[in-house]
Number of protein chains: 2
Amino acid sequence: MTYTLAEEDYLKAIYKIAERHGTPVSTSAIAELMQTRPASVTDMLKKLADKELIDYKRYHGVSLTRTGARQATLLIRKHRLWECFLVDKLGFSWDEVHEIAEQLEHIQSDTLIDRLDDYLENPKFDPHGDPIPDASGAYRMRYQILLSDLGLHKPAVLVGVREHASSFLQYLDQNRLALGATLEVVEVLPYDGSVRLRLGDGEPILISGQVARQLYVRQTTESA
Amino acid sequence: MTYTLAEEDYLKAIYKIAERHGTPVSTSAIAELMQTRPASVTDMLKKLADKELIDYKRYHGVSLTRTGARQATLLIRKHRLWECFLVDKLGFSWDEVHEIAEQLEHIQSDTLIDRLDDYLENPKFDPHGDPIPDASGAYRMRYQILLSDLGLHKPAVLVGVREHASSFLQYLDQNRLALGATLEVVEVLPYDGSVRLRLGDGEPILISGQVARQLYVRQTTESA
DNA sequence: TGAAGAATTTAGACGGGGCTAAAGTACAAA
DNA sequence: TTTGTACTTTAGCCCCGTCTAAATTCTTCA
Ligand SMILES: [Mn+2]
Ligand SMILES: [Mn+2]
Ligand SMILES: [Mn+2]
Ligand SMILES: [Mn+2]
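Summarised in this report is the structure supplied together with it. Sequence order as written defines residue numbering, which begins from 1 separately in each chain. To label them, take the chains in the order written and letter them from A, then take the ligands in the order written and number them from 1. Only residues with pLDDT of at least 70 are given local features in this predicted model, and only at 80 or more are side-chain atom pairs given and counted; all residues enter the totals for whole chains, interfaces and linings. Hydrogens and water are ignored here; the side-chain numbers use all heavy atoms of the structure.

1. What to know about the relation of the copies chain A and chain B
And step 1. To line up the copies, we fit them by least squares on C-alpha atoms, keeping just the residues with pLDDT of at least 70 in both. Least-squares fitting of chain A to chain B yields an RMSD of 0.0 Å, with the superposition described by an axial translation of 0.0 Å and a rotation of 180 degrees. Both chain copies can therefore be described as sitting about a two-fold axis. For chain A, the minimum C-alpha distance to the rotation axis belongs to Leu 104 of chain A and amounts to 3.7 Å.
And step 2. Contact criterion: two residues are considered in contact whenever any of their non-hydrogen atoms come within 4.5 Å of each other. Most of the interface of chain A is mirrored in chain B: 100% of its interface residues are interface residues there too.

2. With respect to the sheet that holds strand S7 (residues 204–207) of chain A
Residue and element names in this part refer to chain A.
And step 1. Two strands make a pair as long as DSSP finds a minimum of two bridges between them. Helical segments are the DSSP runs of H or I of at least four residues, strand segments are the runs of E of at least two, and each set is numbered from the N terminus. The sheet built from six strands is open, its strands ordered S3-S8-S4-S5-S6-S7 with antiparallel pairing. A strand with exactly one partner marks an edge of an open sheet, and here the two such strands are strand S3 (145–146) and S7.
And step 2. As paired strands, strand S4 (residues 156–161) and strand S8 (residues 215–219) are joined by five bridges and run antiparallel to one another. Bridge pairing in S8 links Leu 158 to Val 217.
And step 3. The strands touched by helix H7 (residues 166–174) are S4, S7 and S8; relative to S4, the strand with the most contacts, the crossing angle is about 160 degrees. Here an angle of 0 to 180 degrees is reported between the N-to-C directions of two axes, which are lines fitted to C-alpha atoms, with helices fitted over the stretch in contact.

3. Some remarks on the pairing of strand S7 (residues 204–207) of chain B
All names here are of chain B.
And step 1. The two faces of S7 differ: Ile 205 and Ile 207 on one face are buried, but Pro 204 and Leu 206 on the other face are not.
And step 2. Two elements, strand S6 (residues 195–199) and S7, share four bridges in a ladder whose sense is antiparallel. Counterpart to Arg 198 in the pairing with S7 is Pro 204.
And step 3. The turn joining S6 and S7, which pair antiparallel and follow one another in sequence, is formed by four residues; a positive phi near 60 degrees is taken by Gly 200. A 1.4 Å probe rolled over the protein chains alone gives each residue an accessible area, and that area as a share of the maximum for its type sets the label: buried under 20%, exposed over 50%, partly exposed in between.

4. Comments concerning helix H3 (residues 38–50) of chain A
Residues and elements named next belong to chain A.
And step 1. For H3, built from 13 residues, the straight-helix expectation of 18 Å at 1.5 Å per residue is met to within 8% by its first-to-last C-alpha distance of 19 Å.
And step 2. Listed as buried for H3 are Val 41, Met 44, Leu 45 and Leu 48. For H3, the angular spread of the buried residues around the axis is 110 degrees, confining them to a single face. Those residues of H3 that are exposed and aimed more than 90 degrees away from the buried face are Ala 39 and Asp 50.
And step 3. Glu 52 lies just past H3 and shows a positive phi near 60 degrees. Take the number of residues in a helix, subtract one, and multiply by 1.5 Å to get its expected span. The directions considered for the arc run from the helix axis to the C-beta atoms.

5. Structural notes on the coordination of the manganese ion (ligand 4)
Residue and element names in this part refer to chain B.
And step 1. Any N, O or S atom lying within 2.8 Å of the metal counts as a donor, with the limit raised to 3.2 Å for Na, K and Ca; because water is left out of the atom set, some sites can appear incomplete. Around the manganese ion (ligand 4), the donor atoms from the protein are Glu 83 (OE), Asp 126 (OD) and His 128 (ND1), and they sit 2.1 to 2.3 Å away.
And step 2. Summarised as a motif, the one-chain spacing of the donors to the manganese ion (ligand 4) is E-x42-D-x1-H.
And step 3. With relative accessibility at 6%, the residue Asp 126 sits in the buried group.

6. Overview of the protein's contact with DNA strand D
And step 1. Whether a residue is near a molecule or strand depends on its heavy atoms: it is near if one of them lies within 4 Å of it. Taken together, the neighbourhood of DNA strand D is formed by 22 residues, with Thr 4 and Ser 40 of chain A together with Ser 28, Thr 42 and Tyr 56 of chain B sitting nearest.
And step 2. When the atoms of DNA strand D within 4 Å of the protein are grouped by moiety, sugar and phosphate amount to 72% of the total.
And step 3. Polar contact criterion, stated in full: a pair of N or O atoms within 3.5 Å, where within protein one must be able to donate a hydrogen and the other to accept it, and residues adjacent in sequence count only if both atoms are side-chain atoms. Tyr 59 of chain B is positioned such that a nitrogen or oxygen atom in its backbone is 3.0 Å from a phosphate oxygen of DNA strand D.
And step 4. Going through the elements one at a time, helix H1 (5–21) and H3 of chain A together with helix H2 (27–34) and helix H3 (38–50) of chain B are the ones with two or more residues in the surface near DNA strand D.
And step 5. The dominant element in the surface near DNA strand D, judged by the number of residues it contributes, is H3 of chain A, at five residues.
And step 6. Three residue categories are used. Nonpolar comprises Ala, Val, Leu, Ile, Met, Phe, Trp, Tyr, Cys and Pro, charged comprises Asp, Glu, Lys and Arg, and polar comprises the others, including Gly. Its residues assigned to classes, the surface near DNA strand D shows nine nonpolar, eight polar and five charged.

7. What about the interface of chain A and chain B?
And step 1. On the chain B side, the residues contacting the 20 residues of chain A number 20 residues.
And step 2. Take the accessible area each of two parts loses on contact, using a 1.4 Å probe, and add the two losses: that sum is the buried area. For the pair chain A and chain B, the summed buried area comes to about 1,700 Å², and 67% of that belongs to carbon and sulfur atoms.
And step 3. What makes a salt bridge here is a side-chain nitrogen of Lys or Arg within 4 Å of a carboxyl oxygen of Asp or Glu, nothing more. On the surface where chain A and chain B come into contact, there are zero salt bridges.
And step 4. Between the two partners, chain A and chain B, sit seven residue pairs in polar contact (both at pLDDT 80 or more).
And step 5. Elements with a contribution of two residues or more to the side of chain A that touches chain B: helix H4 (66–89), helix H5 (98–104) and helix H6 (112–119) of chain A.

8. Things to note about the protein's contact with DNA strand C
And step 1. Close contacts around DNA strand C come from 22 residues, with Ser 28, Thr 42 and Tyr 56 of chain A together with Thr 4 and Ser 40 of chain B the closest.
And step 2. Atoms of DNA strand C within 4 Å of the protein: sugar and phosphate make up 75%, bases the balance.
And step 3. Separating a phosphate oxygen of DNA strand C from a side-chain N or O atom of Thr 42 of chain A is a distance of 2.7 Å.
And step 4. Lys 46 of chain A places a polar side-chain atom, nitrogen or oxygen, 3.0 Å from a phosphate oxygen of DNA strand C.
And step 5. Those elements that place two or more of their residues in the surface near DNA strand C are helix H2 (27–34) and H3 of chain A together with helix H1 (5–21) and H3 of chain B.

9. Quick word on the coordination of the manganese ion (ligand 3)
Where a metal carries four tetrahedral donors, each ideal angle is 109.5 degrees; where it carries six octahedral donors, the ideal angles are 90 or 180 degrees.
Residue and element names in this part refer to chain B.
And step 1. Surrounding the manganese ion (ligand 3) are the protein donor atoms Asp 9 (OD), Glu 102 (O), Glu 102 (OE), Glu 105 (OE) and His 106 (NE2), at 2.0 to 2.6 Å.
And step 2. All donors of the manganese ion (ligand 3) belong to a single chain; written as a sequence motif, their spacing is D-x92-E-x2-E-H. Here His 106 lies in the loop between helix H5 (98–104) and helix H6 (112–119) and Asp 9 lies in helix H1, a separation of 97 residues in the sequence. Accessibility assignment for this pair places Asp 9 and His 106 in one class, buried.

Keep in mind these values describe shape, not function.
See the structure below:
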């Protein structure tokens, strides 16, 4: 019923890779995300399979079992709630909280997390716009498309980030790109795919196609 | 500069034993407090000595170096601040927080603890009445004597507990013995040393000598 | 279809932290 | 001063999670 820190982190990694690239999840993908060697991953996969947290067939990658997936979403719930705490209550900025939440998510307590949830008034999204699973592990996907797929002159709002690196988040801060910001694509430069944006009603800014592919937006209804 | 969870817990244990029983601290005392075997303690003592966190001479016990003591007080600071958070913000009771704080105290972040301190408005005592070291590791001992050493009819206030076990704290709750309660010894039964107390201005209650030796009180001035 | 070549697993090792059993040391009582 | 007993350390082992190097399997493409 209770798993080690390493086991939890592996389950989370598998969950995240499966969410983005589908199943089965390869050994090397896990190794890359977790900054370890493939051989180490293989060792852990055997252990997780023994505990029936994953389905594993040698040389063919893994997928989470029902139990494994539930454990992973509970860990993600804890991670995101702690990030909310750090930002909303302690005044950290969104680029500073990931490392700390990476540790806090492993605190073992049946009641702590649910009390924290209530204390934060049951937030539905974390500081990066990612949805927070409820105590049963359920969450709604947020409606989103990549900014790079948004048509010209379609009003939209920034709802999430695909990349979580500090340097990227700081770049967004410097360009006034905060969650909830309203924006509209003014022009896509044909040469390199750079995107010119109007943010709110300010001056247009230019961002690279690279950046545009890391931002999730939701189109706002053009009427009303 | 950064220590493992086990190393931190050992340093804290040595600190606490030294505080209560003086120095040098014996291998077996550490083993008993940490619920491990003396052989395991000896192993760790060698490692801590190599890192110059303790002074260790085979067969003669240990004491903390300046560095070791500083590390221990910082851990205690973290433990007690998290206990305040759990009680004051999340609504836990004082008998539920120790185990959780035992985990939270190991979260590594330069700024987290100082922000938490500010968020809690720099408390000077934790929910058990124990003093909280400041960021430099300094703290004032609270003025205290054991209830078992308090004379008859001397007004006093409950300021701390020597025993932290849940069952003990719950016993106190059931007898309305909360920190800050005013009390006065009405009678000491000669047969077994039980103590009859008047709590505030209620009915006197009877507690065992055993319990009286686990409670710290501060005499309130009889004048004024 | 049959190698390369890439991905994955196995073999063997290591450091951290724990244990038991056996050996060594200190100290108090005779 | 000796000796018995309690305390402490050592020796040897285990599990966890990681690594490198070598072997294996899969896949792709000539
Ligand atoms: Mn983690
Ligand atoms: Mn996040
Ligand atoms: Mn601890
Ligand atoms: Mn406490």
